[in-house]
Amino acid sequence: MTDSDQSGIELQYTDLVTLFSKLGSSLAPNYLHGSLAGVLAAGKRMSQDDWLDWAVDQMAPSEVLQEAHITILQGLYFKTLAELQDEGLAFELLVPNEDSPLVDRLLALGEWVGSFLGAFGATGVVTEIGEMPATLQEILEDLAEIAQVDAQSGEELLSGESDFLAISEHVRLSALTVFLEYNEPQPNKADDQLVH
């Protein structure tokens, strides 16, 4: 499959939770998605085989992956990359939906952020925080604070749904900002079709 074939796959958090559980993995989909977004934001890309090896290594499933599972994981990679590259800022965080308790969503968001930061840092794209523009330093510091949220502080931080939405939107836009800093813009397909 090409990346355009797979970027249109609709992946829901609850479906991935079910899949991970069936595979015997205790990893949450938000963790895998956050770490994938961190690697991509750093400007790194993986071949399909490298991505599957990396994802399986993180998931540590007790069951053997079938072809359908591999297709879903490949879809996650291509969908995440396509959303990050989208000029319409289509990128969405893969976290539990509004049916889940607010504190659970905040904890999942914190885990997403922690895995994003860990993977971004592990790429080695930045060796010294001082090498980064001040705006990015602030973004990463904000994300580091969000990543440290636990159940008790989460209850204290959130006074309602609007607080969570504001925090998650801040995280989403921060991830996009980091991505835009370390990735070249995609050529405009309309420009490619112009005859000069």
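Further up the page is the structure itself.
First, a word on scope: everything that follows refers to the structure included in this document.

Cut-off values and rules
Note on numbering: residues in each chain are counted from 1, in written sequence order. Confidence filtering applies because this is a predicted model: local features only for residues at pLDDT of at least 70, side-chain atom pairs given and counted only at 80 or more, and all residues used for totals across whole chains, interfaces and linings. Water and hydrogen atoms play no part in the side-chain values, which are based on all heavy atoms of the structure. Helix and strand assignments follow DSSP, with helices taken as H or I runs no shorter than four residues and strands as E runs no shorter than two, numbered in order from the N terminus. Exposure is judged per residue with a 1.4 Å probe applied to protein chains only, and the accessible area is read against the type maximum: over 50% gives exposed, under 20% gives buried, and values in between give partly exposed. Contacts were defined at the residue level, with two residues in contact if any of their heavy atoms lie within 4.5 Å. By this rule the span expected of a helix is its residue count minus one, scaled by 1.5 Å. Grid points spaced at 1 Å over the protein atoms alone were grouped into cavities, where a 1.4 Å probe fits but cannot get out, and pockets, open sets with protein on both sides within 12 Å along at least five of seven lines, with lining residues defined by an atom within 4 Å of a point. Grid points are joined across faces, edges and corners, and a volume is the space filled by probe spheres set on the points. Residues are grouped as follows: nonpolar covers Ala, Val, Leu, Ile, Met, Phe, Trp, Tyr, Cys and Pro; charged covers Asp, Glu, Lys and Arg; every other residue, Gly included, is treated as polar.

1. Quick notes on the side chain of S115
Within the secondary structure layout, S115 lies in helix α6 (residues 102-122). A relative accessible area of 3% places S115 in the buried class. Other than its neighbours up to four places away in sequence, S115 contacts N30, Y31, G34 and S35.

2. Thoughts on α6
Given 3.6 residues per turn, any residue in an α-helix points the same way as the ones three and four places further on. Between its terminal C-alpha atoms α6 stretches 30 Å, which fits the 30 Å expected from 21 residues at 1.5 Å a residue. Within α6 the residues assigned to the buried category are V103, R105, L106, A108, L109, G110, W112, V113, S115, F116, A119 and F120. Just past α6, the residue G124 takes up positive phi, approximately 80°.

3. Regarding the layout of surface pockets
Of the volumes computed, that of the second largest pocket is approximately 290 Å³. Of all the elements in the fold, those that place two or more residues in the lining of the second largest pocket are α2 (13-22) and α5 (67-85). Looking at the lining of the second largest pocket, the element that brings in the most residues is α5, giving four residues. Class assignment of the residues belonging to the lining of the second largest pocket gives a composition of seven nonpolar, five polar and four charged.

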